[in-house]
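Per-entry structural report
Residue strings, one per chain:
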Amino acid sequence: MNIVILSRNSHLYSTQRLIEEGRKRDHKIEVIDPLKCDIIIEKEKPTIYYKDRYLDYVDAIIPRIGASVTFYGCAVVRQFEMMGVFSIVSSGAILRSRDKLKSLQLLSKAGIGMPKTVFTNYSRDVQKAINHVGGVPVIIKLLEGTQGLGVVLAETKNAAESVLEAFNGLEARVIVQEFIKEAKGADLRALVVDGQVVGAMKRQGKDGEFRSNLHRGGSAEIIKLNEDELKLAMSAAKALKLPVCGVDMLQSARGPLLLEVNSTPGLEGIEAATGKNIAKAIITYIEKNR
């Protein structure tokens, strides 16, 4: 097959691993920068032009689109879909997952457990928002934040008011979430491929850090998920129509609680922690469905 990886950096670990596993299985793998694609909209003949050629020979795509290029990246994915090209995740599913508020609303409707969450429209009544999630400490998150950026732990009412007022002054959209103390700065990342969990790791934040992101110096180790955790990961992927994704959750006294679902999860941390060949599982998924 002719498989295109939509990525702005061909040297990233995840991109390199997908190239490696695809070529092992005799597929032609090409890395294309979505921002350098021209979308040609024509009656009954949607096409994409890249550098010096039309991409009319592509069988499948693997979107590796960063949050900062979501709009144009998803437009390129959608154009491939119009051309009948298989994508491991749809443009609509990527957009759903990138909208944190919308995704939490959909996941809540699907009956998936999560920390108590409040969204208000630049409300000045900060205490009301804090009360809705059970009081301080609270987590305050920018709706557009990624990799732990734009996430603040406010341990007192005064701290929460200061942070919310600052964000409100910048007209930045935020959500307020219950702080799960018993998680102790750790979370779980489950990697879902073809609707099934193919690997899971526990990420622990460094000392004094409540965020467990590996980009922020956290560590990771393999973990065997229990039945409730497996069910949550697969249910979340299904609710957002993401056959391939990373599902982040917390261990709490009332069971696993969902944090977020990532439509283009990195492979380096999960492959290193688990020893599982996630890239091969993704290529196999394409083979089964193309």
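As a reminder, the structure under discussion sits directly above these lines.
Residues numbered from 1 in each chain as written. Predicted model: local features only at pLDDT ≥ 70, side-chain atom pairs only at ≥ 80, totals over all residues. Heavy atoms only, no water.

Structural notes on the packing of aromatic side chains
Going by this rule: We call Phe, Tyr and Trp rings a pair once their centres come within 6.5 Å, taking the six-membered ring for Trp, and we label the pair stacked below 30 degrees between planes, edge-to-face above 60, and tilted otherwise. Only protein chains enter the calculation, and the probe is 1.4 Å; a residue is then buried if its accessible area is under 20% of its type maximum, exposed if over 50%, and partly exposed in between.
The tally for this structure, following the rule as stated, stands at two aromatic pairs. Seen from their ring centres, Tyr49 and Tyr54 are 4.9 Å apart, and the 70 degrees between their planes marks the pair as edge-to-face. Exposure remark for Tyr49: the relative accessible area of 27% places this residue in the partly exposed category. What makes Tyr54 partly exposed here is its relative accessible area of 45%.

Examining empty space enclosed by the protein
For the record, the criterion: Lining residues are those with an atom within 4 Å of a point, where the points come from a 1 Å grid over the protein atoms alone and group into cavities, where a 1.4 Å probe fits but cannot get out, or pockets, open sets with protein on both sides within 12 Å along at least five of seven lines. Grid points are joined across faces, edges and corners, and a volume is the space filled by probe spheres set on the points. Polar here means any residue outside two lists: the nonpolar Ala, Val, Leu, Ile, Met, Phe, Trp, Tyr, Cys and Pro, and the charged Asp, Glu, Lys and Arg; Gly therefore counts as polar.
Overall, the coordinates contain two cavities of 30 Å³ or more when judged by the stated rule. Lining the second largest cavity are Leu18, Ile62, Pro63, Arg64, Ile88, Val89, Val244, Ser263, Thr264, Pro265 and Ile282. Classifying every residue of the lining of the second largest cavity by side-chain character gives eight nonpolar, two polar and one charged.

A short note on the sheet that holds strand S15 (residues 244-252)
We apply this condition: Following DSSP output, two strands are said to pair if at least two bridges run between them. A run of H or I in DSSP becomes a helix once it reaches four residues, and a run of E becomes a strand once it reaches two; helices and strands are each numbered from the N terminus. With axes taken as lines fitted to C-alpha atoms, and helix axes fitted only over the stretch in contact, angles between N-to-C directions fall between 0 and 180 degrees. Note on contacts: a residue pair qualifies if any of its non-hydrogen atoms lie within 4.5 Å across the two residues.
Spatial strand order, S14-S13-S12-S15-S16: five strands in an open sheet with antiparallel pairing. What marks the edges here is a single partner per strand, and that holds for strand S14 (219-222) and strand S16 (255-262). Neighbour to neighbour, the strand axes of the sheet diverge by 30 degrees on average, direction disregarded. As paired elements, strand S12 (residues 186-193) and strand S13 (residues 196-204) share eight bridges and run antiparallel to each other. Along S13, the bridge assignment pairs Asp187 with Arg203. Against the sheet, helix H7 (residues 227-239) engages S12, S13, S15 and S16, with an angle of about 140 degrees to S15. Against the sheet, helix H9 (residues 278-289) contacts S12, S13 and S15, and its axis sits at roughly 35 degrees relative to S12.

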